[in-house]
Number of protein chains: 2
Amino acid sequence: MTDAMQVVLAKRPAGDVTADCFRQETVKLPAPRDGEILVRTRFLSLDPYMRPRMTEMRSYTPPFELEKPLTGGSVGEVVESNNPRFARGDAVIGMLNWATHTLHDGRGLRKIDPSIAPLSAHLGVLGMPSFTAWYGMKQICKPKAGETVFVSAATGAVGQVAGQLAKLAGARVVGCAGDDDKCAWAMREAGYDACFNHKTEREPGAALDRLCPQGIDADFENVGGRIFHAVFERLNNFGRVAFCGAISEYQDQKPMAGPPKMFTIVQRRLTIQGFIISDHISSMGDFISEVGGLLKAGKLKSRETVVEGLARAPEAFMGLLRGANFGKLVVKVG
Amino acid sequence: MTDAMQVVLAKRPAGDVTADCFRQETVKLPAPRDGEILVRTRFLSLDPYMRPRMTEMRSYTPPFELEKPLTGGSVGEVVESNNPRFARGDAVIGMLNWATHTLHDGRGLRKIDPSIAPLSAHLGVLGMPSFTAWYGMKQICKPKAGETVFVSAATGAVGQVAGQLAKLAGARVVGCAGDDDKCAWAMREAGYDACFNHKTEREPGAALDRLCPQGIDADFENVGGRIFHAVFERLNNFGRVAFCGAISEYQDQKPMAGPPKMFTIVQRRLTIQGFIISDHISSMGDFISEVGGLLKAGKLKSRETVVEGLARAPEAFMGLLRGANFGKLVVKVG
């Protein structure tokens, strides 16, 4: 028996996620049965997509269950194995519970080489967020040299990579972020041509007019809401939107209306495409080879926020939804 | 000198187009100069896209000019030629004035073979509307057998062809139209599996729930507004929208908001693509070969409304915006 600390969904949020949506508890896990492994979580990734999963809305992933531990992309270490694919000591990545330990049947877990990069990087710049940025930028935004690309969460785990990939393609890259330090980092480290603070700029449209005088050719959309509406209005003919998330809308109780004048989509021949990276796992090899190469060559910067201790995961997640993190947010567990 | 009757844009509409937006006048046209031809209009096509051109809004075609004749896709006959490409008696298609006669430099006009089909068909089932339907259905909606396709103006010049092409691809095809006769024709002649009257159905959502129990995989969108919102809500995972027009929004003075919950685009991995057929002229040959073949084989029905006399063009156009026409609307000139 192993004592595991875990965080369960105590109630579904109505509007903003609050601390009482979570409950911390200790459970006793039995030894792995045939085919099972016991994994100790080292790092838990916190990501905006978890917010829709806390509700019962129809979505691409089933809702989290009440009174069960939440789950998330994690890196862990196999501590006991009754599964021939895994040995004690293996570093693995995949969906684990928000818990110190998870009893797992191994499906969807894969081994990683911890010598390639720090463990947490496998959840960020070498992991799902970066893969998401790469796919959306390469397959949907397809920036050409000289075009203007907008990234609506410039320094987020996904956005920071999306912006750098657009820059490497020769585009002018403009973003926004929730504080001045993030904007400064975006321009200094990630090579954004411009980045505005959407909390202090009263009108995102005015900022876009100033910073994107040639309009916007491609938008990597993670935020939604009023920033997206302002971008939509300024998309050029044949503009592309890689729609990846809408964090600004996740906590709305009353669904926000879409941008006015949908006929703009026709007039400017826009393509707006939503995507979810788990549909594109077959491209993972191409991603690793391209982005791994850029990392090795020092051509890709990344920034992460590490929170210490699983007990702080709920608080960190609530902060993420307010934009309090800087770059990829991970929890160092145990 | 030739006396030409023409219809000019007397004022730009604010809201609904009214009769005083047009003025009929007679002008004397000089003989064609070097390179010019004089064309007598036989049929003038009236199409919804003309409505946005009456305003000054930024659009894909420049606005009509005040005090100048409106223009439109037309079939005409060359009555005098000073251009080696054209001979007296040639039947031509292209943009002509809303006029009995147009003095033209020949650019953008092409000769047609009047023995292939009735002249007016070159503006409809063998022309731009049908080409639009074909492109949007083939390149964007891409229906697979067993999928559900919705066509928002089921019997319009474009929609009637779009629906039949989806049916030929093996899809279940559902549409809506503005009166019961149109719905009956759509089902009886064009092979729609179902068609509802959006004027008598109080809630398009309820009609869609009833007629598209498996949701909607592809939407050929010509209407916009509340019908589009209801469709959007019911799109299945990986749904496609070929956004071709938004007639319900053209007369709005205050732009209508887009559908709520844009995050749906991500959740269901939707692709919403606007297109304008004039960008795809290079595909015209493929269209003619495929759709011409279907016509010859009797596999494509079409319906048109012919209005007699150019003087009635304004009234007919106002009716088009209200949905008063049935199928392709053309004016028989002179």
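These figures come from a predicted structure and were not determined experimentally.

What counts and what doesn't
Going along each chain's sequence as written, the residues are numbered from 1 onward. For naming, the first written chain is A and the first written ligand is 1, with later ones following in the order written. Local features in this predicted model are restricted to residues of pLDDT 70 or higher, and side-chain atom pairs are both shown and tallied only at a pLDDT of 80 or more, whereas totals for entire chains, interfaces and linings draw on every residue. By definition, any uninterrupted DSSP run of H or I lasting at least four residues is a helix, any uninterrupted run of E lasting at least two residues is a strand, and each is numbered from the N terminus. Each residue after the first adds 1.5 Å to the expected span of a helix. Remark: C-beta atoms are placed from the backbone, and a residue is labelled buried if 20 or more other C-beta atoms sit within 10 Å of its own, exposed if 12 or fewer do, or partly exposed between those counts. We place the copies in one frame by least squares, fitting the C-alpha atoms of every residue whose pLDDT is at least 70 in both. A pair of residues counts as a contact when their C-beta atoms, built from backbone coordinates, are separated by no more than 7 Å. The pLDDT score gives, residue by residue, the confidence of the prediction method on a 0 to 100 scale. One bridge is not enough; two strands pair if DSSP finds at least two bridges between them. Gly counts as polar in this scheme, as do all residues outside two lists: the nonpolar Ala, Val, Leu, Ile, Met, Phe, Trp, Tyr, Cys and Pro, and the charged Asp, Glu, Lys and Arg. In this description, a line fitted to the C-alpha atoms serves as the axis of each element, helices being fitted only across the stretch in contact, and the angle between N-to-C directions of two axes falls anywhere from 0 to 180 degrees.

1. Some thoughts on helix 2 (residues 128-141) of chain B
All names here are of chain B.
Okay, so step 1: With 14 residues, helix 2 should reach 20 Å at 1.5 Å per residue; the first-to-last C-alpha distance of 18 Å fits that figure.
Okay, so step 2: By the criterion of burial, helix 2 is predominantly enclosed, with 12 of the 14 residues buried.
Okay, so step 3: Considered for burial, the residues of helix 2 that qualify are Met 128, Pro 129, Ser 130, Phe 131, Thr 132, Ala 133, Trp 134, Tyr 135, Gly 136, Met 137, Ile 140 and Cys 141.
Okay, so step 4: Looking one or two residues past helix 2, Lys 142 carries a phi angle of roughly 40 degrees, positive in sign.

2. Some points on the relation of the copies chain B and chain A
Okay, so step 1: Rotating chain B by 180 degrees and moving it 0.0 Å along the rotation axis overlays it on chain A with an RMSD of 0.0 Å. Such values leave the two copies arranged in the relation of a two-fold axis. It is B:Gly258 whose C-alpha, among those of chain B, lies nearest the rotation axis, at 1.9 Å.
Okay, so step 2: Interface residue correspondence from chain B to chain A reaches 100%, placing this contact among same-surface, isologous pairings.

3. Regarding the confidence of the model for chain A
Okay, so step 1: Summary statistics for chain A give a mean pLDDT of 95 and a share of 99% for residues scoring 70 or more.
Okay, so step 2: In the predicted complex, the global pTM is 0.92; the interface-specific ipTM is 0.91.

4. A few points about the pairing of strand 6 (residues 101-104) of chain A
Residues and elements named next belong to chain A.
Okay, so step 1: Burial along strand 6 is two-sided: His 101 and Leu 103 and Thr 102 and His 104, pointing in opposite directions, are all buried.
Okay, so step 2: Relative to strand 6, strand 3 (residues 37-45) is paired through four bridges, and the arrangement is antiparallel. Its bridge partner being in strand 6, Ile 37 is matched across the sheet by His 104.

5. As for the environment of A:Gly72
Residue and element names in this part refer to chain A.
Okay, so step 1: Mapped onto the elements of the fold, Gly 72 is located in strand 4 (residues 71-81).
Okay, so step 2: With 24 C-beta atoms counted inside 10 Å, the residue Gly 72 sits in the buried group.
Okay, so step 3: Taking the C-alpha atoms as reference points, Gly 72 and Ala 153, 81 residues apart in sequence, are found 21 Å from one another.
Okay, so step 4: Once residues within four sequence positions are removed from consideration, Gly 72 is found in contact with Leu 44, Ser 45, Leu 46, Met 50, Met 95 and Trp 98.

6. A look at the interface of chain B and chain A
Okay, so step 1: Across the boundary between the two partners, chain B contributes 31 residues, which contact 31 residues of chain A.
Okay, so step 2: Broken down by secondary-structure element, the contributors of at least two residues to the side of chain B that touches chain A are helix 7 (264-267) and strand 13 (271-274) of chain B.
Okay, so step 3: The class makeup of the residues in the side of chain B that touches chain A is 18 nonpolar, eight polar and five charged.
Okay, so step 4: For strand 13 (residues 271-274) of chain A and strand 13 of chain B, the ladder comprises three bridges, and the chain directions are antiparallel.

7. Comments concerning the sheet that holds strand 13 of chain B
Okay, so step 1: Taken together, the 12 strands give an open sheet; going across it, the order is 10(A)-9(A)-8(A)-11(A)-12(A)-13(A)-13(B)-12(B)-11(B)-8(B)-9(B)-10(B), and neighbouring strands pair in mixed fashion. Only two strands of the sheet have a single neighbouring strand rather than two, namely strand 10 (194-197) of chain A together with strand 10 (194-197) of chain B. Between one strand and the next, the sheet's axes are offset by a mean angle of 15 degrees, whatever the strand orientation.
Okay, so step 2: Pairing of strand 11 (residues 216-221) of chain A with strand 12 (residues 235-243) of chain A involves five bridges; the strand directions are parallel. The residue bridging A:Asp219 from the neighbouring strand is A:Val241, located in strand 12 of chain A.
Okay, so step 3: Helix-sheet contacts for helix 4 (residues 180-188) of chain B involve strand 9 (172-177) and strand 10 of chain B, and the interaxial angle to strand 10 of chain B is about 175 degrees.

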